[in-house]
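Reading the structure
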Amino acid sequence: MSSRADVSAPITTSDLKVFYCACGELGLVINRSLASLARRPVDNAMILRNTGKDKMYYKLNALLDREPIVYKRPDGLEKQWRLRCQRCDLQLGYETSDAREASTRGPYTYLLHGSVTETQNAVPIGAYDIPAHLT
């Protein structure tokens, strides 16, 4: 899964940051630090923009689930298609738009807090943080 757009300035390899799943598999390559990404208030997931002037450049090495999970939110129901590590099946993120048959992703891809790390074969910082609403 990747996102690309027309740009005036090329991205060089020195601009890219590499992140890994806890199992050691390459999880994400992106041209920004994770700390700079906006967060989704409902679950603290990092927001990867796929459209508009702030479109991001990234490669997420993940498989998209065929069926969505449905969550009840205060403003209604939300469908999430989970994105899983290709090696260990750990959930790395999700889409809220059905991107299985589309040539492009929805406006956003969400990366779960604590799902990737900069150090290969290391548990990501925040991997065991449990949101208050789940305790």
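In this numbering scheme, every chain counts its residues from 1 along its sequence in written order. A pLDDT threshold of at least 70 governs which residues receive local features in this predicted model, and a stricter bar of 80 or more applies before side-chain atom pairs are shown or counted, although totals over entire chains, interfaces and linings include all residues. To get the side-chain values, all heavy atoms of the structure are used, and hydrogens and water are removed first.

**Description of the overall build of the protein**
Assigned secondary structure in the protein consists of zero helices and 10 strands. Along the protein, from the amino end to the carboxyl end, the secondary structure elements read β-β-β-β-β-β-β-β-β-β. Type-normalised accessible area, obtained with a 1.4 Å probe on protein chains alone, sets the label of each residue: buried when under 20%, exposed when over 50%, and partly exposed for intermediate values. Looking at the protein as a whole, 36% of its 135 residues qualify as buried. For the protein, the exposed area adds up to about 8,400 Å²; of that, 50% sits on carbon and sulfur atoms. Secondary structure elements are defined from DSSP: runs of H or I of at least 4 residues count as helices, runs of E of at least 2 residues count as strands, and each element is numbered from the N terminus. The method behind every accessible area is Shrake-Rupley, applied with a 1.4 Å probe, and residues are considered shielded solely by the protein chains displayed.

**What about the pattern of salt bridges?**
Any Lys or Arg side-chain nitrogen found within 4 Å of a carboxyl oxygen on Asp or Glu counts as a salt bridge. Considering all chains together, one arrives at four salt bridges under this definition. Shared partners join several salt bridges into a network, and the residues in it are R40, R73 and E78.

**Concerning the nonpolar core**
The definition of a nonpolar core used throughout is a set of buried Ala, Val, Leu, Ile, Met, Phe, Trp, Tyr and Cys residues joined through side-chain atoms within 4.5 Å. The biggest cluster of nonpolar side chains holds 17 residues, and the ones touching the most others in it are L28, L34 and L111. At the level of secondary structure, the elements contributing two or more residues to this core comprise strand 3 (26-30), strand 4 (46-49), strand 5 (58-60) and strand 8 (76-85). Residues are treated as being in contact if the distance between any of their heavy atoms lies within 4.5 Å. Residues in contact with L28, not counting those within four places in the same chain, are K17, V18, F19, L34, Y58, K59, L60 and L111.

**Overview of the packing of aromatic side chains**
What counts as a ring pair is set by centres within 6.5 Å for rings of Phe, Tyr and Trp (its six-membered ring), and what kind of pair is set by the plane angle: stacked under 30 degrees, edge-to-face over 60, tilted for all other angles. The final tally for this structure, using the stated rule, is two aromatic pairs. Between Y94 and Y110, the ring centres sit 5.0 Å apart and the planes meet at 25 degrees, which makes this aromatic pair stacked. Of this pair, Y94 sits in strand 9 (residues 91-95) while Y110 sits in strand 10 (residues 108-111), and the two are 16 residues apart along the sequence. The interplanar angle of 40 degrees and the centroid separation of 6.2 Å between the aromatic rings of Y108 and Y110 together place this pair among those described as tilted. Relative accessible area serves as the criterion here: at 31%, Y108 is assigned to the partly exposed category. Overall, Y110 belongs to the buried group, its relative accessible area being 8%. Here the aromatic residues Y94, Y108 and Y110 are joined through ring pairs into a cluster of three or more. Over the ring of Y110 we find R40, and its NZ or CZ is 4.8 Å from the ring centre. Positioned above the aromatic ring of Y71, the side-chain terminus of R73 is 5.1 Å from the ring centre. We call a charge positioned over a ring when the NZ of a Lys or the CZ of an Arg lies within 6 Å of the ring centre and within 35 degrees of the ring normal.

Geometric descriptors of this kind do not, in isolation, establish any biological role.
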